Amino acid sequence: MIKPILAVATLALSISAHSSLEKQFPEDTLVYRPKVDSGFDQYRTKSLRKSNKVVLTFDDGPHRTRTPRLLDMLKRENVKATFFILTKNVTASNIFVIERILKEGHILASHDHDHDNNNKEDESTYREELFDTITQIEALKSRYNSKQVSSYYRFPYGAYGRNEFYHHFNVMKDVSDRIYGENCINFAFWDIDSSDWVAQLSPEQISQNIIAHVKGGTAYKHKIKRTIFGNTKYEVDKYKIKYPIGGGVALLHDIHERSLEAAEIFIKKAKKLNIEIVPLDEVDEFSYKNKSCQAII
């Protein structure tokens, strides 16, 4: 019997050996073990290290007013992004936002249906919601005649693999086979957390967090100051990044005003610093290459 620590190391080596050439989705032949095969350091975007390239991703939308304003700015700056939406947020009053995302050449992807922690869901709940959210994304792409070949999924909080009774990747493969007839649901973590979800950070600080991970320099981290009646207050400390990763997938959210401002600040500074902003599907780990990945249901 393989000891868990050795097994994790073997998994990490196996994935790292081909991750720059293939996709970051579950291995076809691997049966994942709950509470053992977890974490996402092994799924960092290795091909972007030292590349001076950044992928912009926005979670938790669509927001009826802020996402359109973000789209306006991205269009002005000629930048493409990926939107990891909550499918519960897609309503008749904001469906026009989805149409814009697709027609303006951005990637539409799932961040779950309702942002519940997948680790706390039983297998049947996770299976049903994953199927529903991915098929909703496919239906939206079909509705607006999108030729986009992408079925990315981002776990809320990056949380997966810690449920005691099942592993999310095994379910993901089953659901993908049902929808596409092949292994196509590509899980997408991040390399750079902008920390834009921390209310105490300014747009300038959020932008600087991304830049510092690419170029080095001052960045800003948070720590819990106090929690009262479930409301957490953070305090912000600045620190130096001496050995930046040099590129990666950046996490932001299109539901915060500060995030919109931070994104524009970063994009303008990136151009001056020769940081290239690239679409997610142009990155080796997230490309679909020879797979068709067309929904069959």
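Note that the structure is a prediction, hence the values are computed from the model and not measured.

Peer 1: Help me out: how do you make sense of the overall build of the protein chain in this one?
Peer 2: When helices and strands are tallied, the protein chain shows 7 helices and 10 strands. Taken over the C-alpha atoms alone, the protein chain extends approximately 50 × 45 × 45 Å along its principal axes. Out of the 297 residues in the protein chain, the part that is buried amounts to 54%. In the protein chain, the proportion of contacts linking residues at least 24 apart, taken out of those at least 6 apart, comes to 79%. Distance between charge centroids for the protein chain: 7 Å, based on 43 positive and 40 negative side chains.

Peer 1: When you look at the state of the cysteines in this model, what are you seeing that I'm missing?
Peer 2: All chains considered together, the criterion is met by 1 disulfide. With a sulfur-sulfur separation of 2.2 Å, C184 is cross-linked through a disulfide to C293. Given an S-S torsion of about -85°, the disulfide between C184 and C293 has left-handed geometry. A residue pair is termed long-range when its members are at least 10 positions apart, and C184 in the loop between helix 5 (168–180) and strand 5 (186–187) and C293 in the segment after strand 10 (276–277) qualify at 109 residues. Overall, C293 belongs to the buried group, its relative accessible area being 4%.

Peer 1: Help me understand the layout of surface pockets in this model?
Peer 2: Picture a little ball the size of a water molecule; that probe, rolled over the atoms, points out where space is still empty. The calculated volume of the largest pocket comes to roughly 290 Å³. Around the largest pocket, the lining residues are D59, D60, H111, H115, R154, Y157, W190, D193, W197, L251, H253 and H256. Of the residues in the lining of the largest pocket, the class split is 4 nonpolar, 4 polar and 4 charged. By residue number, the principal contributor to the lining of the second largest pocket is helix 4 (residues 123–143), which donates 4 residues. For the lining of the second largest pocket, the residue count by class is 3 nonpolar, 5 polar and 3 charged.

Peer 1: Which parts of the structure should I look at to understand the side chain of S110?
Peer 2: Along the chain, S110 turns up in strand 3 (residues 107–110). At 2.8 Å, the side chain of S110 and the side chain of T133 are in polar contact. Setting aside residues up to four positions removed in sequence, S110 forms contacts with F84, I85, T133, I134, I137, Y152, Y153 and R154.

Peer 1: What's the story with the environment of Q42 in this structure? I'm lost.
Peer 2: Looking at the secondary structure, you find Q42 in the loop between helix 1 (4–18) and strand 1 (53–59). When its relative accessible area of 14% is taken as the criterion, Q42 is described as buried.

Peer 1: Quick question: what am I supposed to make of the pattern of salt bridges here?
Peer 2: Once the charged atoms of two side chains with opposite charge are near each other, the side chains can pair. All told, the structure shown has 19 salt bridges when counted by the stated rule. Among the ionic pairs, D37 bridges to R33, the shortest N-O distance being 2.7 Å. Overall, D37 belongs to the buried group, its relative accessible area being 3%. Overall, the relative accessible area of 29% leaves R33 in the partly exposed class. Of the charged contacts in the structure, one is a salt bridge between E257 and R66, with a shortest N-O distance of 3.1 Å. Of the two residues, E257 sits in helix 7 (residues 257–272) while R66 sits in helix 2 (residues 66–77), which places them 191 residues apart along the sequence. Residue E257 is classed as partly exposed on the basis of its relative accessible area of 29%.

Thresholds applied
Throughout this document, residue positions are counted from 1 along each chain, in the order its sequence is written. Since the coordinates come from a predicted model, pLDDT governs what is reported: local features require at least 70, and pairs of side-chain atoms require 80 or more to be given and counted, while whole-chain, interface and lining totals use all residues. As a rule here, side-chain values come from all non-hydrogen atoms in the structure, and water together with hydrogens is ignored. Runs of H or I in DSSP of at least four residues are treated as helices and runs of E of at least two as strands, each being numbered from the N terminus. Only protein chains enter the calculation, and the probe is 1.4 Å; a residue is then buried if its accessible area is under 20% of its type maximum, exposed if over 50%, and partly exposed in between. It only takes one pair of heavy atoms within 4.5 Å for two residues to be counted as in contact. Counted as positive: Lys and Arg. Counted as negative: Asp and Glu. His and the chain ends are not counted at all. The atom standing in for a charge is NZ when the residue is Lys, CZ when it is Arg, CG when it is Asp and CD when it is Glu. A pair of sulfur atoms, both from cysteines and within 2.5 Å, is called a disulfide here. Put simply, the grid is 1 Å and covers the protein atoms alone, a cavity is a trapped set of points that fit a 1.4 Å probe, a pocket is an open set with protein on both sides within 12 Å along at least five of seven lines, and lining residues have an atom within 4 Å of a point. Grid points are joined across faces, edges and corners, and a volume is the space filled by probe spheres set on the points. Residue polarity follows a fixed list, in which Ala, Val, Leu, Ile, Met, Phe, Trp, Tyr, Cys and Pro are nonpolar, Asp, Glu, Lys and Arg are charged, and the others, Gly among them, are polar. Whenever two N or O atoms come within 3.5 Å, that pair is a polar contact, provided that in protein one can donate a hydrogen and the other can accept it, and provided that, for residues adjacent in sequence, both atoms are side-chain atoms. The term salt bridge refers to a pairing of a side-chain nitrogen on Lys or Arg with a carboxyl oxygen on Asp or Glu at a separation within 4 Å.

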